[in-house]
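# Understanding the architecture of this molecule
Spelled out, the chains give:
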Amino acid sequence: ATAGKPIKCRAAVARRAGAPLVMEEVIVGPPKSDEVRIKIICTSLCHSDVTFLNLKDPPGIFPRILGHEAVGVVESIGDNVSELAEGDTVIPIFAPDCGECTDCKSKKSNLCTKFPFSVSPWMHDGSSRFRDLNGGTLYHFLFVSSFTEYTVVHVANVTKIDSTIPPNMACLLSCGASTGVGAAWRSANVEPGSTVAIFGLGSIGLAVAEGARLCGAARIIGVDVNPGKFEISKRFGVTEFIDSTSCGEKRVSQIINEMTAGGADYCFECVGNSSIVEETYACCRKGWGKTVMLGVDKPGAQLTLSSYEVLHRGKTISGSFFGGLKPKSDIPILVKKYTDKELELDKFVTHEVGFEDINKAFDLLLEGKSLRCVIWM
Ligand code: CXF
Ligand code: ZN
């Protein structure tokens, strides 16, 4: 009944930098060619939503519908859509997967060339599907915009999943949990019996630990400024903990090099600070050590690496976009790992609120009280 027509629904709109989201009625246009309109079932808050809400205007862009971790059901499809149908349970994902470009066809890349990722305020065709009741344009976020009862997403950014996974678990696979687990599994390919070091034990760092645990790592060393993180991180597989604020004269990398007799096999930076990336690389083992960067630093941040460490010690360092996962093929595998009780997503959900209380989710994350707060529409 609603197909082809605009839908009026509730959305939590980011109107001003740093200000609470505003519950409004908005108009969501019908999906265009190669797009689907999705009824969101639940969404969760990722730290990137906070980062972009807090960006001053400009480079912050307002009014905008934030949110990019979600699960929903396809309400209607646009022209030319054959891969998805009304009623499908889907996860929107900021990382596009067109399935036909050189990168999407290669096992070695998850960086789609046809729809290059950017933090664009638009759909891929440079337009918006959202208007407010005064006719004003509302901007998109990460090609997802899930803080609304209905959203429109390009098929390249939608993965169909088995509908038996509970929605409050499924939504986590849209960004944070997948990114961390994928970084251990796909970007680093952690080997059984290996030693892992993780800098930063927020949701991403803990998801890396969960991934490393699933890969069979023997030792998982967690590093954080908050000693309270050790207890919680044990549940994600962290076996040893370093409180980086009480290392005395020593650098954290030195302590890890001593603990591991020469460095960890796989090291992950999950903070978003270039000097911590350097520290992470410094405790990576010679010969085969791999460092993976996940944290998002300020625009323009630069890395300084010792030429000796790079050239003479044969260590590698790489970035990891969406944990190196290829959304359409890897996300269903993670869904299955959840259903098979291997991947434990439940541990990430510390809070759940109704849509009208979405601003509480922001408070909890900023106060450091939550890992993931699920928002039910
Ligand atoms: C991030 C990835 C890097 C750019 C900004 C958004 N993704 C999700 O949180
Ligand atoms: Zn995210």
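Here's what I pulled together on the structure shown here.

Reading guide: rules and limits
Residues numbered from 1 in each chain as written. Chains lettered and ligands numbered in written order. Predicted model: local features only at pLDDT ≥ 70, side-chain atom pairs only at ≥ 80, totals over all residues. Heavy atoms only, no water. Core = buried A, V, L, I, M, F, W, Y, C linked by side-chain atoms within 4.5 Å. Buried < 20%, exposed > 50% of the residue type's maximum accessible area, 1.4 Å probe, protein only. 1 Å grid on protein atoms, 1.4 Å probe; cavity = no way out; pocket = protein on both sides within 12 Å on 5 of 7 lines; lining within 4 Å. Points joined across faces, edges and corners; volume = space filled by probe spheres on them. Helix = DSSP H or I, 4+ residues; strand = E, 2+ residues; numbered from the N terminus. Nonpolar A, V, L, I, M, F, W, Y, C, P; charged D, E, K, R; others polar. Contact = heavy atoms within 4.5 Å. Patch = residues over 30% accessible without salt bridge, like charges linked within 9 Å, V, L, I, M, F, W, Y side chains within 5 Å. Areas by Shrake-Rupley, 256 points an atom, 1.4 Å probe, with all protein chains shown as cover. Salt bridge = Lys/Arg side-chain N within 4 Å of Asp/Glu carboxyl O. Pairing = 2+ DSSP bridges. Right-handed = clockwise from strand over helix to strand, strands pointing away. Lys, Arg positive; Asp, Glu negative; His and termini not counted. Polar contact = N/O pair within 3.5 Å; in protein donor to acceptor, adjacent residues only side chain to side chain. Donors = N, O, S within 2.8 Å, 3.2 Å for Na, K, Ca; no water. Tetrahedral: all angles 85-135°; square planar, octahedral: opposite > 155°, others 65-115°. Axes fitted to C-alpha atoms, helices over the stretch in contact; angles between N-to-C directions.

## Overview of the nonpolar core
- Core analysis: the biggest nonpolar cluster contains 87 residues, and Phe147, Phe268 and Leu345 have the highest contact counts within it.
- Counting residues in each nonpolar core, the second largest holds 13 residues, with Ala197, Ile242, Val252 and Cys284 among its members.

## Let's talk about the layout of surface pockets
- What the largest pocket holds in volume is close to 1,600 Å³.
- Lining the largest pocket are 50 residues, with Val271, Gly272, Leu294, Gly295 and Val296 positioned closest to its centre.
- Those elements giving two or more residues to the lining of the largest pocket turn out to be helix H1 (47–54), helix H5 (203–214), strand E11 (219–224), helix H8 (274–282) and helix H11 (358–366).
- For the lining of the largest pocket, the leading source of residues is H1, giving four residues.
- Grouping the amino acids of the lining of the largest pocket by side-chain chemistry returns 26 nonpolar, 18 polar and six charged.
- What lines the second largest pocket is a set of 21 residues, and nearest its centre among them are Lys107, Lys108, Arg186, Ser187 and Gly324.
- Within the residue set of the lining of the second largest pocket, elements represented by two or more residues are helix H4 (176–187), strand E14 (290–293), strand E15 (316–319) and helix H10 (327–339).

## Let's talk about the environment of Ser244
- Mapped onto the elements, Ser244 comes out in the loop between strand E12 (240–243) and helix H7 (252–259).
- Owing to a relative accessible area of 27%, Ser244 belongs among the partly exposed residues under this scheme.
- Sequence separation between Ser244 and Asp224 is 20 residues, and the spatial gap between their C-alpha atoms is 5.8 Å.
- Every residue in contact with Ser244, bar those within four places of it in the chain, is listed here: Val223, Asp224, Val225 and Val252.

## So, a nonpolar patch on the surface
- Taken together, the side chains of Leu303, Leu305 and Val310 present a nonpolar region at the surface, about 200 Å² in accessible area.
- The residue Val310 is located in helix H9 (residues 307–313) in this model.
- Overall, Val310 belongs to the partly exposed group, its relative accessible area being 39%.

## Notes on the pairing of E14
- Pairing between strand E13 (residues 266–269) and E14: four bridges, direction parallel. Across the sheet, Tyr266 pairs through a bridge with Lys290, a residue of E14.
- As for the winding sense of the linkage, the β-α-β connection from E13 through H8 to E14 is right-handed.
- With four bridges connecting them, E14 and E15 associate as parallel partners. Counterpart to Lys290 in the pairing with E15 is Thr316.

## Examining the sheet that holds strand E6 (residues 130–132)
- Read from one edge of the open sheet, four strands run E1-E2-E6-E7, paired in antiparallel fashion. Taken across any chain shown, the strands that pair with only one partner, and hence form the sheet edges, are strand E1 (7–13) and strand E7 (137–138).
- With seven bridges connecting them, E1 and strand E2 (residues 22–28) associate as antiparallel partners. Across the sheet, Ile7 pairs through a bridge with Val28, a residue of E2.

## Things to note about the side chain of Lys326
- Its place among the elements puts Lys326 in the loop between E15 and H10.
- Although Lys326 lies buried, it forms no salt bridge, and the closest oppositely charged side chain, Asp97, sits 5.6 Å away as judged by the N-O distance.
- At 3.1 Å, the side chain of Lys326 and the backbone oxygen of Cys104 are in polar contact.
- Looking at Lys326, its side chain comes within polar contact range of the main-chain oxygen of Ser106, at 2.7 Å.
- Setting aside residues no more than four positions away along its own chain, Lys326 makes contact with Asp97, Asp103, Cys104, Ser106, Ser109, Asn110 and Ile331.

## Digging into the environment of Gly180
- When you line up the elements, Gly180 lands in helix H4.
- Residues Gly180 and Val26, spaced 154 residues apart in sequence, show a C-alpha to C-alpha distance of 34 Å.
- Discounting chain neighbours no more than four positions away, the residues touching Gly180 are Ile204, Ala207 and Val208.

## A short note on the coordination of the zinc ion (ligand 2)
- Within the protein, the atoms that donate to the zinc ion (ligand 2) are Cys46 (SG), His68 (NE2) and Cys175 (SG), at distances of 2.0 to 2.2 Å.
- Coordination at the zinc ion (ligand 2) is tetrahedral, judged from the four donor atoms that bind it and the angles of 99 to 125° they form at the metal.
- Read from N- to C-terminus, the donor residues coordinating the zinc ion (ligand 2) fall into the pattern C-x21-H-x106-C. Here Cys46, found in the loop between strand E3 (35–44) and H1, pairs with Cys175, found in the loop between helix H3 (167–170) and H4; they are 129 residues apart in sequence, far enough to count as distant.
- Judged by relative accessible area, Cys46 falls into the buried class, the value being 5%.
- According to the relative accessible area criterion, Cys175 is buried, its value standing at 7%.

## Structural notes on the sheet that holds E12
- Spatial ordering of the open sheet is given by E12-E11-E10-E13-E14-E15, a layout of six strands whose pairing is parallel. The open sheet has two edge strands, E12 and E15, and neither has a second partner. Averaged over all pairs of adjacent strands, the angle between strand axes in this sheet comes to 15°, irrespective of strand direction.

## Section: H1
- If you check which residues of H1 are buried, you get Asp49, Val50, Phe52 and Leu53.
- The elements touched by buried residues of H1 are E3 and H11.

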